[in-house]
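Reading the structure
Below, each chain spelled out in residue letters.
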Amino acid sequence: MAAFTDNTTDLTTTTSEGESGLTTGQIIGIVFGCISTVGVFFGILGFLCAHKDRRDNQRRLKEDQRRLQQEDVLLLTRPTEGTSGPDKVQVVASKVNEAVKKVYKSTGSYVQILPWVDDHQMHIMDIYTKLCLVKQVDMRGKPRKEDNNMEEEDQICSFLSRNFYGEMQPETREGNPNKSKMKSYEDIFKFQTHHEEIPIKRIVISGSAGIGKTTLIDKIAYDWAMGNSETPNKFKLVFALKMGSLQQSSNLEDAIFEKLLAKDSIDESSLKEFIDKNQDKVLILLDGFDECKITSTDTSSYGTILKVINRKLGPECWVVITSRPPLDKLVNSALVENPYIHVRIEGFSGTDINEYVNKFFPGDHDKASKLIERIKLSDTLSDLAMSPMLLLLMCLLMGSTENTIPDTMTRLYNKALKYIFKRKTRDIKDAEISKILISIGKVALGSLLSKDQSFAFRKGDFEKTALDAALNAGVLTSERVIDGLDTYQRMSFMHHTFLEYCAAMYWQSLINTEEFDRILDQTIESTERDTFGDPWSSRLSRYEYLFRFCCGDNVACTNQILKKIHGDRDSQLVVICYFESQSKELPPRSVISSILTDDIHIFEWSNDITNAYFHFLKQVAALSRGNDYFTEVKRFGFSHSNFQRFGTDLAKLLKLMTNLQSLNLYSKPSAANTSQILPSLATPSTLTELDLHSNAALGGSVSLLAPQLMKLNCLTNLSLQGCSLEAQDVSALAKSLGNTLVNLDVPRNETLGGCASIWGPELGKMECLVFINLERCSLLGTDIEPIAVTLSGVSTLIWLGLSQNQDLGGCAEMWALHLKGMIHLEGVDLGFCKLKNKDVEPIAMALSDIQTLVYLNLKGNEALGGYASSWALHLKRMNHLDELILTLCNLKRGDIEPIAESVSDLIHLNFNCNLALGGCASLWAMHLKRMNHVEHLSLAGCNLTDVDMEPIADSVSGMPNLNHLDLSLNDPLTGCASSWAQHLKRMNHVEQLSLARCNLTDVDMKPIAEAVSEMSNLNHLDLVLNDPLTGCASSWAQHLKLMTKHLKKLKLYRLTDEDKEYINALTDLNLTILVFTVPLWLIPTQRFRTLPTF
C-alpha cells in the first residue's frame, strides 16, 4: 500500500539560510505557500506581520510534541495483559481514543503554513473560520425537520425524485427546494431518510480547489479531540485520513496504523472487533477522494476503505468524504449509493471578501480599498475572489510591486508564480521561469493522464536543475517518507491547481505537434471512459483547470481544444476556455454553432461561467460580420441565474435572436427588469412562449408590462407561476393578450384565492384560451362559480387545472355543479385537493354532463383510500372517461373491486404509488380483468413483490386490449426474478413492458430474458435505471440475444462505457434496437408542454 504522510514525519525543504529578519513584503511572499495545505485562511492574516509569533508557535509546538512523547510512553506501556474478551476490546478502544486525540490535539492541530520553512506552523484555531455549507442534493433522505409541513404535491415529487430520478436534483415548480444553507458543520450529522427516519451516515462534501475541505476535516477531528462540539462527542473513535496516497486496494486498518497509531502499541484484532461491534460510535473522515487512485469499478479489487464507503463493510459507521467535483467516480452504484447527503462548500460572500482583504492589509487602508474596488468592478475577479485560495493570490499580487490584478485565472497564476520565483531569485528572467515550469509540468501532466493519477513524486522523476529551482521557490515541497524499510524524499506540488497549471504550460509548449493532439485525444478518451452515465455533468470537467490553463492567452491551443471538446454537453467548458484565452479572433464556426444552438438553457450556472458565456456571445456578435449565428436560436432559457448582473447583456443579445420562439426568465427579474427585456424582442416578434415564473416582484405590476405584451402578437403561451399576482394583474393580462393567448399558466399565486369574483370575469376576454392552470391558488369553494361561469363562454377551453387547492376538499356539493356549464372540457385536474369520499358524487354528477371529458386526475387525495365502495360507483356516470389517475390515493386491496366495476370502459388507468397494494395482489388482481377495454395499466411504485406477479399476470392475460404495462419502481422484485419472471409469458399480447428502476440485478436478467423471448408481441422493453446492472455487463449481457428475440427497442440507460463496449462486442446481437440514451421522462421539460394525450 502506498505510504501516507505521517503526522510526526520529518519535513525537509530547500531554502536559503542566514537571514535573521524578514521584511513585511518577504513575509507576505512567504505566505503564498500556505495554499498547499489549507484552502481557507480567514484568520491567518493578522499573524503574518510579526516574526515573534512564528517563534512562539514553534516553541509551543515543540512543547506539545515533548508532552505527547511523555504521555505516549505512559499510555503505550499501560498493561493490557490480564484482560480478555470484551474487557480487552474496551481497553484497546480507550487506548486508541486517547492516542488519536493526542495526535489531533498536538501535531494534528498545527497546519504547515509555509512549505519551504519546516518550523513555521500555525494552530488550527488561529486560521479556521466558519465555512458556508449548502445542502446540495436530496438523494433518498432529507432532514426530518424539513418535512413536517410538506405540501401533498411535494410528497409525490419527493417520492418520484427518490425513486424515478435518483441522483438528479428535482426541479419542482418552485425550483429545487432541497438546497439550503446549514448553520454549522454539525448539521451534516442530523439528516434522516424521509420515511424511515433513519440517520444518513454517508456524507459527501464537495468543493473546488482551495475552498476549505481539508480545513473542515481537520476542524471536525480537532473539535472531537478537545470536546468542543456536542455532535462529534457522540463518537468513541474518529479517524481522519488523507486519500491522496491511497489506492483502491488500500485497507482502513493499515492506513490507521500508518498515520495515527504505532503499529506495535495496539492489538489490531481487538480494534477491529470494537469497530465491528460499535459501528455507530465510529466516525471516518476521508479527505481528498478525487486524489485517490481509483482505476476500476470492479468492487472485487476494493480494499476495506472503499468497502466501508460502499457499505459492504461497516455499514453503520459514519463516513464523511471530501472531493473536488465531478463526483461521478464517487457517487455511483459501486461506491456511494442512496441514501446519502451531498453538501457543497461555498466560497466567500462580499462581506467576507472585504473582511479578508482588510485583515491582509491592516496598515494600508488605501491598498485594501483599491483591491476591494477592483474586485467589485470585475465580474471575473468577483467570482474568483469567492475562493479563499484565489483571494490570497490577489492579495499577494496587490501587495507586490506590480500592484495590479489580472482578469483571468491563467493570468492570476502566471503572475503569482513569477512573483514566487522572483521573491527568491530577483534577477531570474521570465523565460527561465517558463522553462522551469514546463520541465516540472511534463511530470505533472504525466501524472494527470496516468491511470492511477499519483500526485506524489520522487526526486528522480524531475530534471535536477528544474527540481532544485522549484524547491527553492516553494512551488514543489519535499518530505521524508518512511515506507516499511524504504526511506525516500517525496515531492509534491504546493497545491493541486499549481500542478495543473504547470502541466498545462508543458502541454502548451507542444502546440502544432502530434504529441499535443495525442494528449488532447487522451484526455477526451479517458473522461469518456470514466463517465458513469450522468448526463447532466460535463464529461470533461475532471480536466477543467488543465484545459483552462492550456487555453490561457494562447489562441492556437484554444482553437485546437475547442474543436475537440465542443458539444451540447460541454458548452460551459467551451466558453470558460475561450474566456481564458482572451482571444480577439472569432472562434471556429463549428464551436460557435455548438453554443448558439436552436435550444439554449442556462440553468444554475455560476456567475463565472455565465460571465464567460456572455463574453463569448458578445465576441461573436462583434466579430461575425454578417454571419447570422443568432438567428439559429429558437428557445432561450435563463433560469436560477443572476439576472440583476447579466440582464443588460441579455437584453442586447436577445435583439439579435430574430427567430426566437420561446423565452424562459426564471431568474426573478422585477417588472422593471422585464420591461427592459421585452422591448428587445424582435419586431415583428416571433415569440410564442414566455415563462416568467417565480418572479414575485411582478405581483401588482403586470400593467407596467401591458404595452410590451401587446406587441407580442404571436404570444400564445404565458407562465406566471408563483408571481404573487393580484386581481388587477389578471385584468391587465386579459386586456393585452386576450386575442392571442392559448395557454395561461398561473399556479401558486395564492393571492388570487378568495377574490375570484373580481378577476374571474376577466377570463372571458381571453377568447382563444385552451389551457388554464390555477394550481395552488388558495381557491375557495366560492371562487369556482365566477371562474366556471365565465369560462363556460370560452368555447375553445378544453383543460382546467385546479390541483392543490385544498380548501375545495369536503365541500364539493358547494362548487362542483358550476363545472357542468363548461361543456367543451376534455380534462380536469383535481389532484391533491384533499377530496373526501363524499365529494366524488357531486363532482361525478357535474362532469357526467360534459360528454367531451376524457381525462380526470384525482392523484394525491389520500382520504379516498379504503372507501372506494362508497364513491367509486359514482364514476359510472362518467362513461365517456378514457383516463383516470389515482396515483398516491392510499388505495387498499378492497378498493380495486369497486373501482374496476365502475370504470370498465377506461383506456388508461394509473394506480401508481399505492403502496398498500404490494404483497396482496392475490386478493385484488382478479378484478382487473373486468376492465377489458384498458390499453395502458400502470402499477409503478406499488411495492409489488414476487408473489404478486402470478395473479397480476393471470388477470392481465384476460385483458385483450392491454398493450402497455408499467411495473417500474417496484424494488421488492430485485434479485428474485427466477421466482416471478416466468409469469410474464402469460401476457403474450402486451406490446410494451416497463421494469425500470426495479433494482434488478445480473441474476435477474436470465429469467427475464427467457420469459420475454416467449412474448411474441412484445416490442418495447424498458430496463433503465436498474443501478445494480451498472458496471457488470460481462455477467448478464450474454442474455440479451434471447431477450431481444422479438423486441424492436430495449432501453438500458445508465451503463458505463465499459458495459457498452462489452455489449457492442457481442457479434450475434442486433445492436440497432438498443437505446443507451437518457429516457425522455428523465429530461427536464419546458414549462409549456403539450396537453395530455386523452
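A brief structural summary. Keep in mind the model is a prediction, meaning the values are calculated, not measured.

Time to look at the overall build of the chain. The secondary structure content of the chain amounts to 37 helices and 30 strands. Here the chain holds 1094 residues, and the buried ones make up 58% of them. Within the chain, contacts between residues separated by at least 24 positions form 82% of all contacts whose residues are at least 6 apart in sequence. If you sum the accessible surface of the chain, you get close to 42,100 Å²; carbon and sulfur atoms cover 48% of it.

Right, let's talk about the packing of aromatic side chains for a bit. Taken as a whole and judged by the stated rule, the model has 21 aromatic pairs. Aromatic pair phenylalanine 614 and phenylalanine 638: ring centres 6.0 Å apart, planes at 65°, arrangement edge-to-face. Taken as a pair, phenylalanine 614 in helix H23 (residues 607-623) and phenylalanine 638 in strand E14 (residues 635-639) lie far apart in primary sequence, 24 residues in all. The burial state of phenylalanine 614 is the same as that of phenylalanine 638; both residues are buried.

It is worth spelling out the packing of helix H26 (residues 702-711) against helix H27 (residues 727-737) at this point. For the pair H26 and H27, the least separation of the axes is 9 Å and the interaxial angle reads 10°. Between H26 and H27, the crossing angle belongs to the class labelled roughly parallel. Residue-level inspection shows Val702, Ser703, Ala706, Leu709 and Met710 of H26 in contact with H27, the latter providing Asp729, Ala732, Leu733, Ser736 and Leu737. Classifying every residue of the contact of H26 with H27 gives 7 nonpolar, 2 polar and 1 charged.

This brings us to the pattern of salt bridges. One side chain can pair with another of opposite charge once the charged atoms of both are near each other. Scanning all chains against the criterion turns up 33 salt bridges. One salt bridge in this structure joins glutamate 268 and lysine 272, with 3.6 Å as the shortest N-O distance. Pair noted here: glutamate 268 and lysine 272 are both in helix H8 (residues 268-277), with a separation of 4 residues, about one helical turn. Accessibility expressed as a relative area gives 41% for lysine 272, which makes it partly exposed. Aspartate 954 serves as the salt-bridge partner of lysine 929, at 3.9 Å between the closest nitrogen and oxygen. With lysine 929 in the loop between strand E24 (908-910) and strand E25 (936-938) and aspartate 954 in helix H34 (residues 946-956), the pair connects residues that are 25 residues apart, well separated along the chain.

Within helix H35 (residues 1002-1012), burial applies to Asp1004, Met1005, Pro1007, Ile1008, Ala1009, Ala1011 and Val1012. Residues of H35 that are buried make contact with strand E28 (1020-1022) and helix H36 (1040-1043).

In the segment running from asparagine 338 into proline 339, the intervening peptide bond is cis, with an omega of 0°. Relative to the assigned elements, proline 339 resides in the loop between strand E8 (318-323) and strand E9 (341-346). Backbone geometry places serine 694, a non-glycine residue, at a positive phi of 65°. Along the polypeptide, serine 694 turns up in the loop between strand E16 (689-691) and H26. The class for serine 694 is buried, based on a relative accessible area of 15%. Positive phi values are uncommon outside glycine, yet phenylalanine 832 reaches one of about 55°. Tracing the chain through its elements places phenylalanine 832 in the loop between strand E21 (827-829) and helix H31 (837-848).

What counts and how
- Per chain, the residues get numbers from 1 upward, laid out in the order the sequence is written.
- Under the rules for a predicted model, residues below a pLDDT of 70 receive no local features and side-chain atom pairs below 80 are neither given nor counted, while totals for whole chains, interfaces and linings still include all residues.
- Hydrogens are left out, water is left out, and the side-chain values use all remaining heavy atoms of the structure.
- We count a stretch as a helix when DSSP gives it H or I for four or more residues in a row; a strand needs E for two or more, and each element gets its number in order from the N terminus.
- Here's how the labels work: a residue is buried when its accessible area is under 20% of the maximum for its type, exposed when over 50%, partly exposed in between, all with a 1.4 Å probe on protein chains only.
- Contact criterion: two residues are considered in contact whenever any of their non-hydrogen atoms come within 4.5 Å of each other.
- Exposure was quantified through the Shrake-Rupley algorithm and a 1.4 Å probe, taking into account, for residues, occlusion by the shown protein chains and nothing else.
- When two rings of Phe, Tyr or Trp (its six-membered ring) have centres within 6.5 Å they constitute a pair, described as stacked for plane angles under 30 degrees, edge-to-face for angles over 60, and tilted for the intermediate range.
- Note on definitions: angles span 0 to 180 degrees between N-to-C directions of axes, and those axes are lines fitted to C-alpha atoms, for helices only across the stretch in contact.
- Here is the rule for angles: anything less than 35 degrees is roughly parallel, anything more than 145 is roughly antiparallel, 65 through 115 is roughly perpendicular, and the remaining ranges are oblique.
- Side-chain classes follow a simple rule in which Ala, Val, Leu, Ile, Met, Phe, Trp, Tyr, Cys and Pro form the nonpolar group, Asp, Glu, Lys and Arg form the charged group, and the remainder, Gly included, forms the polar group.
- Salt-bridge detection follows one rule: a side-chain nitrogen of Lys or Arg within 4 Å of a carboxyl oxygen of Asp or Glu.

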